[in-house]
Amino acid sequence: MAENVTLSDFQGDGGQDVMVAAYRHDAHKLNGETHDYAPDIFHGVPVNQTVPHGADGDASALSRPNGKPEQTVDNHETHYRLSLLTGTSHYDPEEFSRPRLSEAINDLLTGSDPKAMHRAWITSDVASGFNESIYYPYTSLKYHTLLVATLLDNYRAGHEFADLLLVVDDAEEIVPHRTVYAGDRFALRIDESADGQPWARLGSRPWRSWASAWKRLTTHPLDVNHDKHDMVLDANLRRIWSWSTALQYIEDLETRRESR
Amino acid sequence: MTCIQQVHWELDMDYLGHPYYVSGNAIYHALGMQLEHDVHQHINASHGMFVPGQFGTFPEEHSQSGIRPYMGSSLPDVESYDDLFLFRHPDHPWLLDTRPRDGLNAHDIRFQSGMPALAHETIMGRPDDARKQQQTTRWYVNAYLHADDPDVLPLGEDVLDGLQFGGKRNYGYGTTTLKDTQVVDLEALDYSRLEDGEAFILELVTPFVLRSEYPKANNVDVPWWWSVDDEAQLRHRLEKVIEGGDVYELETVDHGVVVGYDGDRPVETAMSGLTRVGNHSKYGFGELRVKPVTPDETSVKKQIEKPKSEN
């Protein structure tokens, strides 16, 4: 965990709720601005601020390699996410029509109740349309932001990274700031305690360990005994390293299953 | 001398079969169409793992180093025990970070009559205005054979070429071409990483069968040399063995599960893990990898311990 940004540094900067700041920390990616020139106010609220306890850096390490980023897909250099499912950009002119997009982005950024913001992000389909880095276009801004929030909330509670678990919850169980995926069949949470639910450790340090954690879960929340689609989903989840890419892949496949 | 014959097939057409791997049973039966009964009955087949043909770099524990183009499309030399596992893990640690590794490694799924099929190639980066910039990744199937009668191996290339796996074979699905094959003497390998190790973990490369509906198969317990905090932590999954029209269910400890090692003969355990342990080992089940726990990896052991809050 990076210690260079302390809580007091942060609170000297306007005194807004730390969790709210986490949900607003990558506003520039939704608004199509580069980080260096991004305004620090959006519709009257502070955005693009540093997240304390190094939670942003740790969440990034869960989904992207260390070191200087390089473009990995030659002809794709926007914040519109590429889908592992279709191979194409998630950009949809209707979904991303300017009025609809502005309204959705307002919902994601301008709230002041941190629990409501967690809800807004976890149920957002617009946030799924963006990647967390143009160099890694399969990553997902939605799940990166949720990972930042859950790490921050865990660190604030005194939990160290090495003690954190990936926990499988029932579908309705949404724990504020700890649930990182919520679908119709199951939810996933990062927490220190499994409360009797299936679990796997994240590891000793933040790294792209999705497949490693998923394949060690004590029970998988899918019907991998009889359902061919679930077996295919499970097979691919054992191949993916990036956390935000994997969580987004679950969402994409589950959404397609419902619409079939 | 205990030899295995590594076999690397290229998928020529989409595959409509078991999505985790081509089962050893499927490989065994495909070989049965090519071989005399006397020869066939001595063969033991591993599961066939799916491998993308992509640029890659050898993992640290490998006997070789450096970056290779299309590393997954052929068989590198094997000198040490760890070399055997290069293409036996679905997450393929050798894939380069300078490429979109998850996009290249996740199977492209194509629906055929409502059933998900794994595409034999992955095409990416193809916007409408840039068709020439697409990258195509071919998929391969990595397996190995060993025999009860050492004179049976190696099987000839004519026997291994053109095998078909999975469903809808009449329509050409699951057709393969033999791409590479080589024989490895297990006793001649370098096991020094295990000889020098002090503590070990075991990784289930393929499921370990506990109970089987197959006629005359004995049920087995979790081996005594697995160190497990709590057996509830061993994730179970059902598998099937299909023979003719008959389907037999198998209750297994799922692949990917990691346990501690309580035995004191890691090299012998490693070799038996390659020729596989437990029920239906002849058809690919019970493949294990022994991994040393180095001091800076104490976390690996911690990964399989219960959370503090539940002790």
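Residues numbered from 1 in each chain as written. Chains lettered and ligands numbered in written order. Predicted model: local features only at pLDDT ≥ 70, side-chain atom pairs only at ≥ 80, totals over all residues. Heavy atoms only, no water.

1. Concerning the overall build of chain B
Rules: Note on conventions: DSSP H or I runs of at least 4 residues are helices, E runs of at least 2 residues are strands, and numbering of each starts at the N terminus. Just to be clear, the radius of gyration here is over C-alpha atoms, and the globule rule we use is 2.2 Å times residues to the power 0.38. For every residue, the accessible area (1.4 Å probe, protein chains only) is compared with the maximum for its type, and the residue is labelled buried under 20%, exposed over 50%, or partly exposed between those bounds. Two residues form a contact once any of their heavy atoms are found within 4.5 Å. Methods summary: accessible areas were calculated by the Shrake-Rupley approach with a probe of 1.4 Å, and residue burial reflects only the protein chains presented.
Scanning chain B from terminus to terminus reveals seven helices and 17 strands. Relative to the 2.2 N^0.38 estimate, which gives 19 Å for 311 residues, the radius of gyration of chain B is 20 Å and therefore close to what a compact globule would have. By the burial criterion, 57% of the 311 residues in chain B qualify as buried. Contacts in chain B between residues far apart in sequence, at least 24 positions, make up 70% of those at least 6 positions apart. A total of about 13,300 Å² of accessible surface is found on chain B, and carbon and sulfur atoms cover 45% of it.

2. As for the pairing of strand β6 (residues 109–112) of chain B
Applied cut-off: Pairing between strands is defined by DSSP: at least two bridges between the two strands are required.
Looking at chain direction, β6 of chain B and strand β7 (residues 115–118) of chain B are connected through four bridges and run antiparallel. Residue pairing across strands places arginine 110 of chain B opposite alanine 117 of chain B, the latter belonging to β7 of chain B.

3. Thoughts on the interface of chain B and chain A
Going by this rule: Buried area: the accessible area, evaluated with a 1.4 Å probe, that two parts lose upon being put together, summed over both parts. Here, a salt bridge means any side-chain nitrogen of Lys or Arg that lies within 4 Å of a carboxyl oxygen of Asp or Glu. A 3.5 Å cut-off defines polar contacts: any pair of N or O atoms within that distance qualifies, except that in protein one atom must be a possible hydrogen donor and the other a possible acceptor, and neighbouring residues in sequence count only when both atoms are side-chain atoms. Lys, Arg, Asp and Glu make up the charged group, whereas Ala, Val, Leu, Ile, Met, Phe, Trp, Tyr, Cys and Pro make up the nonpolar group; the residues left over, Gly among them, are polar.
Each partner contributes to the interface: chain B provides 54 residues, whereas chain A provides 51 residues. Between chain B and chain A the total buried area reaches about 4,500 Å² when both faces are included, carbon and sulfur atoms providing 52% of it. The closest approach of N and O atoms between arginine 208 of chain A and aspartate 97 of chain B, which form a salt bridge, is 2.9 Å. Between the two partners, chain B and chain A, sit 16 residue pairs in polar contact (both at pLDDT 80 or more). Contributing elements (two or more residues each) for the side of chain B that touches chain A: α3 (101–105), β6, β7, β9 (135–147), β14 (236–243) and α7 (298–303) of chain B. Looking at the side of chain B that touches chain A, its residues break down into 20 nonpolar, 17 polar and 17 charged.

4. Focus on the sheet that holds strand β12 (residues 208–212) of chain B
Residue and element names in this part refer to chain B. For clarity, the threshold we go by: In this analysis an axis means a line fitted to C-alpha atoms, helices contributing only their contacting stretch, and an angle means the value between N-to-C directions, from 0 to 180 degrees.
Strand order in the open sheet formed by three strands is β12-β15-β14, and the pairing between neighbours is antiparallel. Each edge of the open sheet is held by one strand with a lone partner, namely β12 and β14. The average undirected angle you get between the axes of adjacent strands in this sheet is 40°. In the sheet, β14 pairs with strand β15 (residues 246–253) via eight bridges, with the strands oriented antiparallel. By the bridge assignment, leucine 238 is partnered in β15 with glutamate 251.

5. Describing the packing of helix α5 (residues 98–109) of chain A against helix α6 (residues 114–122) of chain A
Residues and elements named next belong to chain A. Going by this rule: Oblique is the label for any angle not under 35 degrees, not over 145, and not in the 65 to 115 range, which are roughly parallel, roughly antiparallel and roughly perpendicular in turn.
In the contact formed by α5 and α6, the axes pass within 8 Å of each other and the chain directions differ by 140°. Between α5 and α6, the angle is such that the two are oblique. Here Asp107, Leu108 and Leu109 of α5 come into contact with α6, specifically with Met117, Ala120 and Trp121. Counted by class, the contact of α5 with α6 contains five nonpolar, no polar and one charged residues.

Interpretation in functional terms is not warranted from these geometric data alone.
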